[in-house]
Every structure is written in C-alpha cells, then in structure tokens.
Amino acid sequence: MVDQENKKRKRQSNGAATANKKVAFEGAGANLKVTYTDDKALHPILLSTPGITAPAIPFDSYAKASSSKHTNAAPKPATHNLLLHSSQHPRLDYTATTSSLDQHQSHYIAVFDPATNNLQITPAHHLSLRSIPRKISDDIRAKQKTRSFAQQREQLGQEFGTKKAKKAIASKTENAITKGGTGNGKGKGPQNDAQSAVLESMADSAAGAPKKEDVERDLLASKPIPKPNLSAESVEEVYTFNTLLPPSDARLVPVKEWQEKARADEEIKFSHRFPAHRVTAIGKGDDILRLKALSYLTLLLDFHDALQSGGRAASKKVPKKDILDKKLAAWPDQLVDAVRRRFSNPANELPKWHMDNLYTHMCALSLYVDGWTTNTTDLKEDLKMENKVVAQYFNELGCKAGAPTERERERMGKGVGKAQAAAMRMARLKLPLEFPKARVGRKR
C-alpha cells in the first residue's frame, strides 16, 4: 500500500488552488489569434507598492545585464535587471528593484482586442517600490536647531495637536507661502522645492476629498426615509408615487369598494382617524393614485397595530403568520406579505431603524394624500405619539412642522378654536428642502 503522507504533490502557485474551468472571452472562439511581442522596444513595468502609496513623481531608469553576453543587447525582462530611482520628493528617496522572490518567475501583460480577436502577450518587468528617508545635511540640521520658539510650537502642534490646531497651522502655512514669496511673509524671492511640495500635496488632498453634495447624498441614502429626489423642481417630484408605493404592490391595493361606497354615500368603517376623515372626499373624486396611497397607508396602520413587542426599546416583531393573517384578514395575503418583507428584517423583526423607516413612509404617504401640507393630529392619534415625536419624523423628510396659520385655521371650520388650533401641528413640504443636520458628539 502506498504511503499517502510521503507521496509528492505538485506545487501550487501562491498557495491557491488552480481553477479547472477556463475563462471564456465573449465573442472569442476558434478564430482567436495570440501574438507574442518581445522586440527591441521598451517593455512595460508592473510595479508593486507594499505598504506605501506610489507618488506622482518622475523616476530615472537603470538597466543592468544579467550576464556578459547580453551587455550590448536591448534591455529585456529575461536578460536585464531594471531599477527605478527618484529623489524628487522633498524628504524621501524612492527605489524600485526586482524582488528576490521573482528569480524563477516571469511576468507578462496580455491585452485582448475583441474587435480583431487578437490577444497580444508582452513580457514585463516586475519591480517592488520602497522608500527611505533622505539623509539630512549638516547645513539643514544647523538651520533646524536655530528655529524660533514659535516655529518649534508649530512643529509640536503638527505632531501632537488636535485636529483643529493642525488645521489652523496648515492654513497659516498655506497663506504664508504666496506666489513669488519665500515663506517669510515678505513676498520676496522664488518658491523653493519644499514650499512647492507642500502646496502640491495640499492641492492633491483637497482634490481627492469628497464634495459636500456627495456627502449629503450618501448621508440621506443611509437614513430610514423614502429616497427623495434632490433635483426636484416642484414638491410633487420629491416623493413620487412609485417611490412611496412600489408598482408591484400598487396593483394589489384595493380601492374599488371604497370608491363605490363613497359615491353612494354609504358608511365605511375604520379603526383609524386618518383614513376615516378623508376617504369620502377622495373616493368621490377621480384621483385613483391618491386613493391607493390612502389605502396603502391604512394597511401600514393596521400592520403597525398588529406588531408585537420585541423585548427591546423601540423594537417590534411580526407575529406568526396565522396570527398576522387573522389580524389583517381584510387585505390580500400577497400584499400583506410584501409589506412584511419591505419593512422588517429577515428575522421578521423591526429594530429602531426599521420602525423609523415605517413611520417616515407613513408620514410621506399622509403628505401625498393631503397635497404636501397635512395636519399631523390624526396621524399622531393613530400612532399614539406626542406632537414633538411626529414633528421630528416630518422634519426628517425635509418638512417644516409648526402651528397652523390663520388661513389654515379658517379652513378647518368654526368648530376649531384658537386654543385647539394652537395644539395642532401642520407639516409642510416646500422647496428648497431642509433636512436636519447630523448630530456631532460632544468633544472630550
């Protein structure tokens, strides 16, 4: 019997398993042409930068033949060793050399042209980039020793200061190095290499920084609110119907019975104030989208009432399927399941983020139903919340919530007095949108 432990196995490259399947190029078949180029022209370089970032500075190249018979030949990856060096950085010297691990390895670059089905393979030099601090001359060292007390404080601030202190020092340095100045604040003489390097590095850092609009867009995308259209030219375009109610769910929302009863002046019973006070006026009209939005909001209110305590603060969980179907028996099963999957996590739980997402969607639907200006009283009573909490959810949508104006109070009718109107809150969506700023923790 053969000893399996002493049996030799083939060595695998880089310790990774070799795939059995070959990569298929789209459009490449039996007519694939492979060309190998190893002429006297310059060869490409594959540069590895372990642990550092390659600087945007020019390099000087040096080639050395690996044996005497290739001394006068053109430098190739198989016959010559290549070295790159640069001292353009103010403080560091960069050197790229051939790694000792590549003695028995060859590197190539393959370029595939799908138009001609041509695969061109070219040998390449593989180099590893390293950096070392440049040795400081005695003259520079003597100048550093004669720095003033203020300069020494600035250096300590740059090394160990707070972010605010470092920003102030950087701003002072940038303002001191003016065009045609020497950095002494007198504006005489040309710039030296160190000053130019500082300005260039600061410009590169500013160019790579994310823009304010991109930061705000990413922050809104992470919030538990419907996705707003920031480029909207009217309030109707901020939260569209398809954003609040997915088309796949909209076709399942029932409205025909409500519309028939409303036009026949028949009574429609509800367990919530918001749909009960609006179904007759909307049902008699021809705006089917508003009626569907009202019906979907009613379903979300029923779904909210059916949730059970999750055992943690601001956390709920969806009851078992038989219990949920019983509580929401008036709604299509497919629509109820779509709501459950949309607003709960895979564990059928609604932590704080998911609950906030459910509340903001209900607030946005109420804005859609009421024409982007809504009285939050009915929704507050249906959700059993305080005015301050409901107003905060509307603020997250970009609304401004406040007491009703005199004209709005007159529209409510004579039955609403000034004292009663003062306890109400009106949420208004207006352009330009103003979202709450992110909270910043207190400095320690």
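Here the structure is shown first, and the text comes after it.
Computed from a predicted model, the values in this text were never measured in an experiment.

Asker: Would you mind going over the sheet that holds strand E10 (residues 349–350) in detail, with residue names and values included?
Answerer: Spatially, three strands are ordered E8-E9-E10 in an open sheet, and the strand pairing comes out antiparallel. The strands lining the two open edges of the sheet, one partner per strand, are strand E8 (308–309) and E10. Relative to strand E9 (residues 316–317), E8 runs antiparallel, the two sharing two bridges. Each bridged residue has a counterpart across the sheet, and for Ser309 the counterpart in E9 is Lys316.

Asker: Break down the packing of aromatic side chains for me, citing the residues and quoting the values.
Answerer: Applying the stated criterion across every chain, the model contains five aromatic pairs. When the ring of Phe241 is compared with that of Tyr368, the centres are 5.9 Å apart and the planes differ by 45°; the resulting orientation is tilted. Taken together, the positions of Phe241 in helix H6 (residues 241–244) and Tyr368 in helix H14 (residues 352–369) put the pair 127 residues apart, joining distant regions of the chain. Looking at Phe241, the relative accessible area reads 13%, which means it is buried. Classification of Tyr368 by relative accessible area gives buried; the value is 15%. A connected cluster of aromatic rings, assembled from ring pairs, spans Phe241, Tyr368 and Trp372. Lying across the ring of Phe274, Arg278 places its NZ or CZ 3.7 Å from the centre.

Asker: Summarise the pattern of salt bridges; cite the residues concerned and give the values.
Answerer: If you walk through the whole model with that rule in mind, you get 13 salt bridges. Residue Arg278 is joined to Asp378 by a salt bridge in which the shortest nitrogen-to-oxygen separation is 3.0 Å. Taken as a pair, Arg278 in the loop between helix H9 (273–276) and helix H10 (279–283) and Asp378 in helix H15 (residues 377–383) lie far apart in primary sequence, 100 residues in all. The exposure class of Asp378 is buried, given its relative accessible area of 9%. Across the salt bridge formed by Asp325 and Lys321, the nearest N and O atoms sit 2.8 Å from each other. Highlighted residues: Asp325 and Lys321, both in helix H12 (residues 321–327), separated by four residues, approximately one helical turn.

Asker: Tell me about the nonpolar core, and please be specific about residues and values.
Answerer: In this structure, Tyr296 and Phe303 are the most contacted members of the largest nonpolar core, which totals 60 residues. Listing elements by their share of this core, those giving two or more residues are H6, H10, helix H11 (288–306), helix H13 (333–343), H14, H15, helix H16 (387–396) and strand E13 (426–429). In this structure, Phe303 is in contact with Val318, Leu324, Leu328, Val339, Arg340, Leu350 and Leu358, ignoring residues within four places of it in sequence.

Asker: Please set out the sheet that holds strand E11 (residues 373–375) residue by residue, giving values where relevant.
Answerer: Pairing within the open sheet is antiparallel, and its three strands lie in the order E11-E13-E12. With one partner strand each, in any of the chains shown, E11 and strand E12 (399–402) form the two edges of the open sheet. Between one strand and the next, the sheet's axes are offset by a mean angle of 20°, whatever the strand orientation.

Conventions we followed
Counting of residues starts from 1 at the beginning of each chain's written sequence and follows it residue by residue. Two thresholds apply to this predicted model, a pLDDT of at least 70 for residue-level local features and 80 or more for giving and counting side-chain atom pairs, whereas whole-chain, interface and lining totals are computed over all residues. Hydrogens and water are ignored here; the side-chain numbers use all heavy atoms of the structure. Any two strands with at least two DSSP bridges between them are considered paired. The secondary structure listing takes helices from DSSP runs of H or I that are at least 4 residues long and strands from runs of E that are at least 2 residues long, numbered from the N terminus. Any two of the Phe, Tyr and Trp rings considered here, Trp counted by its six-membered ring, make a pair once their centres fall within 6.5 Å; the pair's planes then place it as stacked at under 30 degrees, edge-to-face at over 60, or tilted in between. Partly exposed residues are those whose accessible area sits between 20% and 50% of the maximum for their type, while under 20% is buried and over 50% is exposed, using a 1.4 Å probe and protein chains only. For a Lys NZ or an Arg CZ to count as sitting over a ring, it must be within 6 Å of the ring centre and within 35 degrees of the ring normal. One speaks of a salt bridge when a side-chain nitrogen belonging to Lys or Arg is within 4 Å of a carboxyl oxygen belonging to Asp or Glu. Remark: nonpolar core denotes a set of buried residues (Ala, Val, Leu, Ile, Met, Phe, Trp, Tyr, Cys) joined through side-chain atoms within 4.5 Å. Contacts are residue-level and defined by heavy atoms, with any inter-residue pair within 4.5 Å sufficient. In this analysis, axes come from line fits to C-alpha atoms, helices being fitted only over the stretch in contact, and the angle between any two N-to-C directions falls in the range 0 to 180 degrees.

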